[in-house]
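# Report on the structure
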Amino acid sequence: MADVTMEKLVSLCKRRGFIYPGSEIYGGLSGTWDYGPLGVELKNNIKALWWKMFVQEREDMYGVDAAILMNPKVWEASGHVTGFADPLVECKKCKRRYRADQVGDLSTPLEARKCPECGGAFGDVRQFNMMFKTQIGATPARTTDNVQSGGDDASATTYLRPETAGGIFVNFKNVVDSFHPKLPFGIAQIGKAFRNEIAPRDFIFRVRELEQMEVEYFVYPDEWKGAFEAWRKEVYRYIDAVGISKDLVHELEVPDGERAHYSKRTIDFEFDWPFGRKELYGLAYRTDFDLSAHAKASGAGLTMTDEEGKEPLTPHVVEPSFGVDRTILALLISAYTEDQLGGEPRTYLKFNPAVAPVKAAVFPLLKNKPQLVEKAREVYALIKKAVPQTMWDDNGNIGKRYRRQDEIGTPHCITIDFQTLEDDTVTLRNRDTGEQKRISIDELASHVA
Ligand code: GAP
C-alpha cells in the first residue's frame, strides 16, 4: 500500500491495456473511462465471482437483467426525482462548480471558503439532481395518434437509471408470480447506472457511468436485523474471495441525517484509498419504502402472504450494494506490489488467480527455432482449451516476458525449451516467488485450471 500512488496505477492501467480515458482521441469526457482488453477480463471475472457466490450457489436468490431506461414514474415513486441530489456551489468569479461538501476546509462555513482555482467567493448552495435526463421517442410533440396507436410517446422524458435497484423493485411481482418464492429471498442484478456527478474524480472511484452489483433481499419486517448481519458477513466473504485487502476496509455506521432518503440504517464499508478513506460498498436497510411507494404509485399489488397464506404483507428489504469500478480500483491497490527479484526491482499485481485477467502465458524459449515454436503452439492450444484466459507471448527475451506478465498479474508462466522436445516437460514459473519447476505437459492443464 505504501508504494501505490494513483499516478502509478493510472499509468500501469493505460500502458498495459486495463483502463483508458473515455473518448481519449477527442480529448476525453470527464467521468468516463473505457476498459481495455485486460480490464474487461478482470471486470468479467469479478462479476462472475459475485454472481456465482450470490446467485448461482444459493437457493434463495433470483437474477434479473432489467432495462436501463424505465418509465419515469419509477423514479418519481422511488423519491429520486426529488431526493437524489448533491449540494452544488458556484464560484461567483470564475463560475466553476463544486460539491459544497467537498470543496475547501469543511470545518469552516461555506461563506469563509474560497474557490480553489481563483480564490473567488461562493454563491448560495443549491440542490443538483444527479439523474441524467433523456428523451424517449423520435417525434417532437405528443399527438393523439401516436399515443393511441401505441407509437412513441415523444413527450416522455425519462432518466438513465441512477441505481440498478429500481429494475429489481419493478420486477418483484414478476419474480414472485413466476417462482413463488417464500420469504426470505433476494433478487440480484449487475448492470450500469448513471450519475451526473458534480465532480467526478480519482480515476474510476467517482465516475458518471458506473456499474453496480446489487441485491434486494426481501424479509419479514421483524427479521431485518438478522438479514442485515448475515449480509454484513457476506460482504466480507466477497471482499476476501475477490482479493481486496481486508485490513484496508473499515465500517462506518452512517448517522441520522446523512443516509439516503430510503434508508433506516446504513453501513458504509470504507476503503483506505491513496486519496483518503472513502466508501467502497454499502449495506442499507430500506424498510418497505420502495415496495410500498411503487405499489401506491403503480396500483400493482406488491405484497406477499405469510406462511399460513393469510395475511398479505409488504416485505422489508436489506440491500448490499457493490460498485464494480470501485472493486477494480480496490483490487488493483490491494494487488500492487513492488519488490526485488534476482537483485532487480519489479512491479507485479498479486491478483487472486480466480480474477486474474490472464491465468497463464505460454512462451517458446526462442522464437527463431521452429521446433520450439511448433511445440509451444501445441502446448498453448492445449492449455487455452482448458483455460481460455491463456496468452501467447514470444516478444523479447524470457526475462522481459516474465516482467511483462508479472505486471499484469499472470499467475503462471510456461516456457517450452529444448528439454521439452526430449521429455515433454516444461518450465512452470510462479509469479509471486519467481520459483521455477519442471512439470510434465500431461499434468499442465489440470494444474493451471
Ligand atoms: N442502491 C444503493 C446505492 O446505489 P450508493 O451508496 O449510492 O447506493 C452503491 O451506491 C455503490 O455504488 C457504492 O458503494 C459504490 O461502490 C458505487 N458507486 C456509487 N456512486 C459511484 C460513482 N459515482 N462512481 C463509481 N462508483 C459509484
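None of the values given here were measured: they were computed from a predicted structure. (Residues numbered from 1 in each chain as written. Predicted model: local features only at pLDDT ≥ 70, side-chain atom pairs only at ≥ 80, totals over all residues. Heavy atoms only, no water.)

## Side note on the pairing of strand β12 (residues 265-273)
Put simply, side chains in a regular strand alternate between the two faces of the sheet. Buried residues dominate β12, accounting for nine of its nine residues. Burial along β12 is two-sided: the residues Arg265, Ile267, Phe269, Phe271 and Trp273 and Thr266, Asp268, Glu270 and Asp272 are all buried. As defined by bridge partners, strand β11 (residues 249-253) adjoins β12 across five bridges and the pair is classed as antiparallel. If you follow His250 over to β12, its bridge partner there is Glu270. A loop of two residues connects β12 with strand β13 (residues 276-287), the two strands running antiparallel in sequence. (Buried < 20%, exposed > 50% of the residue type's maximum accessible area, 1.4 Å probe, protein only. Helix = DSSP H or I, 4+ residues; strand = E, 2+ residues; numbered from the N terminus. Pairing = 2+ DSSP bridges.)

## With respect to the domain arrangement of the chain
Partitioning the chain into structural domains gives domain 1 (1-68 + 163-344) and domain 2 (358-448). Here domain 1 and domain 2 have C-alpha centroids that lie 36 Å from each other. On the domain 2 side, the residues contacting the nine residues of domain 1 number ten residues. The junction of domain 1 with domain 2 conceals about 830 Å² of combined surface from both sides, 45% of it contributed by carbon and sulfur atoms. Counting the surface domain 1 buries against domain 2, the share from its top three residues, Arg16, Leu38 and Leu341, is 56%. Here domain 1 is connected to domain 2 by two salt bridges. The partner of Glu407 in a salt bridge is Arg15, with the nearest N and O atoms 2.9 Å apart. Linking domain 1 with domain 2 are five residue pairs in polar contact (both at pLDDT 80 or more). Listing elements by their share of the side of domain 1 that touches domain 2, those giving two or more residues are α1 (6-15) and α2 (37-56). (Domains from an automatic or database assignment. Contact = heavy atoms within 4.5 Å. Buried area = accessible area lost by both parts, 1.4 Å probe. Salt bridge = Lys/Arg side-chain N within 4 Å of Asp/Glu carboxyl O. Polar contact = N/O pair within 3.5 Å; in protein donor to acceptor, adjacent residues only side chain to side chain.)

## Section: the environment of Lys133
Along the chain, Lys133 falls in strand β7 (residues 133-135). Judged by its relative accessible area of 64%, Lys133 is exposed. The spatial distance from the C-alpha of Lys133 to the C-alpha of Leu248 is 37 Å, given a sequence separation of 115 residues. If we skip the residues at most four places from it in the chain, Lys133 touches Thr157, Thr158 and Tyr159.

## Things to note about a nonpolar patch on the surface
Together, Leu366, Phe418 and Leu421 make up an exposed nonpolar region whose accessible area comes to about 240 Å². On the secondary structure map, Leu366 appears in the loop between β19 (360-364) and α11 (370-386). Taking relative accessible area as the criterion, Leu366 reaches 34% and is therefore assigned partly exposed. (Patch = residues over 30% accessible without salt bridge, like charges linked within 9 Å, V, L, I, M, F, W, Y side chains within 5 Å. Areas by Shrake-Rupley, 256 points an atom, 1.4 Å probe, with all protein chains shown as cover.)

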